[in-house]
Every structure is written in C-alpha cells, then in structure tokens.
Amino acid sequence: MKLFSAELSGSGGTTTAKAVVMQRKGKTFSMLKYYTTDADNIQHLSKGMPLNIGMSYFDTIEETVTLPPVKDSETFRIISMNKLKESMDPSVEYLMAYKTNNSALPDSAGNLTYKVLMVPSSMLYEDSGLSEETMGQLNMFTVSDFALCALVNKYFPDKTVFHAFADETRICVTICINDYIVYTRNNPTEKGSNLLSAYYEYLNLTYMYATKNLRLKIDNIVFSGKLADMSELVTMFYEFSGVAQSTLIPAGVVENCPNDIFQEYMIPISLCCLDSAYDMTPATIIKKQAMSYATGIMNVTTLLCILILLFMNMSALANLYENKETMTMQAQALNGRIRKYLSEVSEGHGKQFDLHYYRTLEKRQQSVPREFGMFAPLLALGDFDLVTFDASKDGERTVEIGGTLHFGRLAQMENFKEKFENELSGITAESGYSLDNGTVFKTDEMTVTVKLLFKKGGE
C-alpha cells in the first residue's frame, strides 16, 4: 500500500510541505519519492493516496490524567476535557489525541494513566491550508513533534529516550518510552542567530527540566535532522549530560533512502510509523470517510448485482433461442408428416380409396392406432423414418418407431435425450406396454439412431 506523508510549516505567509511517498512492505517501508513543495500541491501529488499530515505547533496543551479505562473516544474526550478545563480556553474548539501509559500500573481504584495532547482545531481548518477534498483523504493529522517517538521504539525498546531534532525553522525535543510521549517541547529558531549556542542552550534547559522537575532518568540521547551532523554540539552536550548519544539510520526501517534524505525528511517518514493514538483527525471527517467508504462498497455491490442479472438474462435468452430452434425443428417435422399424409390421401382413387379407408377404420376400431394420442408427444420429438401400429391375431399389439435423427448442436441433442427418455418412461408406466429399446446416441457424430418396439397383450 502506498502512503503520502507530509510535514507542513508556515513561513512568510506561505505553507511549505516536506513530503514523501512510501510503499509499505510488511514491517518496513520503501521510499518511492520525496518533495519539498508548496502545500497547495499536496492534493495533486497525493492522487487519492491515504494522507498523513503533521504540523509544527509551539503551544500544545500537554497533560497527564488518571481515569478509569475508557474504550469510546467520544466519552474519553468529554471526561478528560472536563478535568482539564482550567488549561483550556472556553472560546476555542480543540483537537485531541491521547495515549495510555502502558508502563504505569493501574492505581488502587483501577484507574489508568493517559497522556492527553490538545491543539486548536483552527490548526487544521485554517492554518494547514488543506482543501475540504484533501481533508477527506486524511489517514492522520497530528503535531509533527509527536512523530519523533515513532522510530525510537525500534532502536531503543523500553528505554527513556531524549530525541532532539532541528531543521531550518525550529528545534524540538520529544522524550518518550517506546511510543509513549512523556514530554515534548518545540521552539522556533531565528535566522542569523548563533545556532550552536542557541541549540546548546535549548537542549541544556530541556534536559535540566526533564531530569530535575520531571525526575526522569534518560537512557539515550538521539540527535536527528540538522543536529545529526553537528559534532561540536554532540561533544558539548555529552560533556554536560554524560549520557550515551546516537543518530538514527534508515537501515532495517526504510529502504531506498540515503541517510541525508532520512535525516532531512525524518518527520514525514516517522509519521508513517506513528501510533494511531496520536491521530487528531476530527470525528466529523472520520464519519464522512466511513460514509464514503460504505457508499463505495454499496456501488461495487450494486454493479456486481447488475452484472449477475445481465448474465442471467443472457442465459435466459440463450435458452429461449435454443427452445425456439427445437420447436421450429419439431414444427417442420410435423408439417412434413402432414404433407406426406395429405399426399398419400390425394394419390387415392376416389370412392375406391374412401371405401377402403372406411372399412379399414371399421376393422381396426379396437386396434392399436386408437392409442395414437398416447404416442403423439414422443412422435413429435423428431421426424422418424418408421412408425407402425399393429395387432396380431392372438391379440398382441405392437408399436415400432425407428429412424436416424441429426442435430446441429450438442445442447439440442441433450435436450432431445432428456425429453425422449421422459416420454418413454411415461408410456411404459401408464399404458401397460413393455419396451425393447435399441436406441443409440452418438455424440461424436451428433446423431441418434432410434429403435423402439412397444408390446402389449397376446395369449
């Protein structure tokens, strides 16, 4: 699956996007493209891909609350906002993310510890500059600093990591244990300032606050972005902290990504690995996405139903055409027999034939031909060469039917066979006739050689 991930930052009235296109490969990613572009181009570049967006924000409300286990996010939002109302501006609508601290045991009442992070909703709806259509693609919207906790879990599991990152506009630190953010701080940098001095002072103060005020024991320090190449800063800070220092590398996490690109695009790359608990996408957008997805499923289902009905109609038309051909053949056979009978009659010799015909009918009034109606459906199945009805002196009645029938299609032949066998079963079951059946079906020649002898009565 492809994923479009971008970090937005404002500068001089414009919003810039550092973006990457990533291909997920199991537990790793492969970088396909990377951009530094105007944020207005995101909609065109993402082309409908799921969209992760991170924005730099310098005044995130960050609190730790203790609450009973709550699975429903809306319920958690109501309860936690009520507890944190003193930290909030009542005139501002907030976006929220929260994460359970799995390393902290529940208290005696069973309450869990949560990290709650909030920013104004205007950050998305106004500051991001994203169109409504682009917002509809959101897979995640969050504060870019949170992404710094996403990768350290892969490199330093179960360690308290002080992850510092800097780019052209700011320096930020996120302290985390696995993917749980303990503390995060973000500060802009001024152009033309002595970056080495500014960075060192910022890191020094943040480290002191974490260790003294928050009483954290830092296990590892990670430098990313511009800080990864500042060897002098690394040396100075090690002398101050005495804690092991590292830089992250893409090996084992992101394929097809040089280290310099990995450092420059650390935030958008890390957003692809960030826990969904840090997603601040508003519920209204998520509900619209769900409705859109459901509508898409319904459209696909409707299309499948239409295709199935179309196939059924085509099958019905094919059967209708086949039945029409069979009926046409039967009608032609019947017409042929009628013409033959009329011809035989017309070839008679007037009254002599009439008298002979009358005497014959009178003589055979009780004979086999009276049962013609019983055999009529069978005779209607084909143009047989031999059809005789006879009765012997000892009272035995016989009906003999024979001939070779030709078929143009196997389906017609199979249809004939089914009806033929049904008619034979019906005659023998209801009339008292026994049957000698020597009929042969030759599918390779598409012919049926009919040889039937019905017998009834006799001494």
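Criteria and cut-off values
- Residues numbered from 1 in each chain as written.
- Predicted model: local features only at pLDDT ≥ 70, side-chain atom pairs only at ≥ 80, totals over all residues.
- Heavy atoms only, no water.
- Helix = DSSP H or I, 4+ residues; strand = E, 2+ residues; numbered from the N terminus.
- Buried < 20%, exposed > 50% of the residue type's maximum accessible area, 1.4 Å probe, protein only.
- Contact = heavy atoms within 4.5 Å.
- Areas by Shrake-Rupley, 256 points an atom, 1.4 Å probe, with all protein chains shown as cover.
- Phe/Tyr/Trp six-rings, centres within 6.5 Å; stacked < 30°, edge-to-face > 60°.
- Lys NZ or Arg CZ within 6 Å of the ring centre and 35° of its normal.
- pLDDT = per-residue confidence, 0-100.
- Pairing = 2+ DSSP bridges.
- Axes fitted to C-alpha atoms, helices over the stretch in contact; angles between N-to-C directions.
- 1 Å grid on protein atoms, 1.4 Å probe; cavity = no way out; pocket = protein on both sides within 12 Å on 5 of 7 lines; lining within 4 Å.
- Points joined across faces, edges and corners; volume = space filled by probe spheres on them.
- Nonpolar A, V, L, I, M, F, W, Y, C, P; charged D, E, K, R; others polar.
- Parallel < 35°, antiparallel > 145°, perpendicular 65-115°, else oblique.
- Left-handed = near helix turned anticlockwise from the far one by under 90°.

S.K.: Help me get a handle on the overall build of the chain, residues and values and all.
M.R.: Within the chain one finds 13 helices and 19 strands. Across the 459 residues that make up the chain, the buried fraction comes to 40%. Put simply, 66% of the contacts in the chain that link residues at least 6 apart link residues at least 24 apart. Surface exposure of the chain reaches about 25900 Å², of which carbon and sulfur atoms provide 54%.

S.K.: So what's going on with the packing of aromatic side chains? Which residues, and what values?
M.R.: Scanning the entire structure with this criterion turns up 21 aromatic pairs. Both rings, one in Tyr200 and one in Phe240, keep their centres 6.5 Å apart while their planes meet at 75°; by these two values the pair is edge-to-face. Placement of Tyr200 in helix H6 (residues 195-213) and of Phe240 in helix H7 (residues 231-241) is noted, with a sequence separation of 40 residues between them. Look at Phe420 and Phe441: their rings are 6.3 Å apart centre to centre, the planes differ by 70°, and that puts the pair in the edge-to-face class. Of this pair, Phe420 sits in helix H13 (residues 410-431) while Phe441 sits in strand E18 (residues 440-442), and the two are 21 residues apart along the sequence. Relative accessible area serves as the criterion here: at 1%, Phe420 is assigned to the buried category. Members of the aromatic cluster, each reached through a chain of ring pairs, are Phe162, Tyr200, Tyr207, Phe223, Phe237 and Phe240. A cation sits over an aromatic face here: Lys417 above Phe441, 5.3 Å from the ring centre.

S.K.: If you had to explain the confidence of the model for the chain to someone new, which residues and values would you point to?
M.R.: Summary statistics for the chain give a mean pLDDT of 85 and a share of 88% for residues scoring 70 or more. Mean pLDDT values for the elements of the chain range from 51 in helix H11 (residues 351-363) up to 97 in strand E9 (residues 160-166).

S.K.: Can you lay out unusual backbone geometry for me, pointing to particular residues and giving the numbers?
M.R.: We note that Asn178 has phi near 55°; this positive angle belongs to a residue other than glycine. Relative to the helices and strands, Asn178 is located in the loop between strand E10 (170-177) and strand E11 (180-188). Residues other than glycine seldom take positive phi values, yet Asn256 does so here, at roughly 60°. For Asn256, a relative accessible area of 58% puts it in the exposed group.

S.K.: Could you give an account of the sheet that holds strand E7 (residues 112-120), with specific residues and numbers?
M.R.: Pairing in this open sheet of three strands is antiparallel, and the strands run E5-E7-E6 from one edge to the other. Each edge of the open sheet is held by one strand with a lone partner, namely strand E5 (61-67) and strand E6 (94-100). The average undirected angle you get between the axes of adjacent strands in this sheet is 25°. Where E5 lies against E7, seven bridges are found, and the strand directions are antiparallel. Its bridge partner lying in E7, Ile61 is registered against Met118. Packing of helix H2 (residues 73-83) onto the sheet brings it into contact with E5, E6 and E7, and relative to E6 it is tilted by some 100°.

S.K.: Explain the layout of surface pockets residue by residue, including any values.
M.R.: Taken as a whole, the second largest pocket spans an internal volume of roughly 540 Å³. Around the second largest pocket, the lining is made up of 20 residues, and of these Ser73, Met96, Asp279, Thr281 and Ala283 lie nearest the centre. Considering every element that reaches the lining of the second largest pocket, the biggest residue donor is E6, with five residues. Looking at side-chain class alone, the lining of the second largest pocket contains eleven nonpolar, five polar and four charged residues.

S.K.: Tell me what's going on with the packing of helix H12 (residues 372-379) against H13, and back it up with residues and numbers.
M.R.: Put simply, H12 and H13 touch, their axes get as near as 9 Å, and they point 165° apart. When the interaxial angle is binned, H12 and H13 end up roughly antiparallel. At the point where H12 passes H13, the crossing takes the left-handed sense. Within the contact between the two elements, H12 uses Met374, Phe375, Pro377 and Leu378 and H13 uses Phe420, Glu423, Leu424, Ile427 and Ser431.

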